Amino acid sequence: MPYAFTEWEQEPEAQPSSGRTGGPPRKSTGIGVLDPPVPPKKPVGPIPGIPASLLLRIVAGTLLVAMITALVVMFFRH
């Protein structure tokens, strides 16, 4: 498919340059991005979590209670 060139209805207006220098506008960089004013904080270590053995005991206990409850419901159903 060939490209069809269309003329603009209105030509874009030229943007004025910066007032004081007369040159092109400068890129704005945030203050302290490349050279921070203070040194960065020490990285925090890993988040302390629940020990795996405790978590395993909780899961095992929950499963045991669920199984006992299911057996009791099945036994006393009749």
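How each quantity is defined
Residues numbered from 1 in each chain as written. Predicted model: local features only at pLDDT ≥ 70, side-chain atom pairs only at ≥ 80, totals over all residues. Heavy atoms only, no water. Helix = DSSP H or I, 4+ residues; strand = E, 2+ residues; numbered from the N terminus. Expected span 1.5 Å × (residues − 1). Buried < 20%, exposed > 50% of the residue type's maximum accessible area, 1.4 Å probe, protein only. Phe/Tyr/Trp six-rings, centres within 6.5 Å; stacked < 30°, edge-to-face > 60°.

## Thoughts on helix α1 (residues 52–75)
For an α-helix the count is 3.6 residues per turn, leaving residues at separations of three or four pointing the same way.
Turning to step 1, where the next piece is worked out: The terminal C-alpha atoms of α1 lie 34 Å apart, and with 24 residues this matches the ideal 34 Å at 1.5 Å per residue to within 8%.
Turning to step 2, where the next piece is worked out: Judged by how many residues are buried, α1 sits mostly at the surface: zero of 24 residues are covered.

## Some points on the packing of aromatic side chains
Turning to step 1, where the next piece is worked out: The final tally for this structure, using the stated rule, is one aromatic pair.
Turning to step 2, where the next piece is worked out: Summarising the aromatic geometry, the rings of F75 and F76 are spaced 5.0 Å apart at their centres and angled 80 degrees between planes, so their arrangement reads as edge-to-face. Like F75, the residue F76 is exposed in the burial classification.

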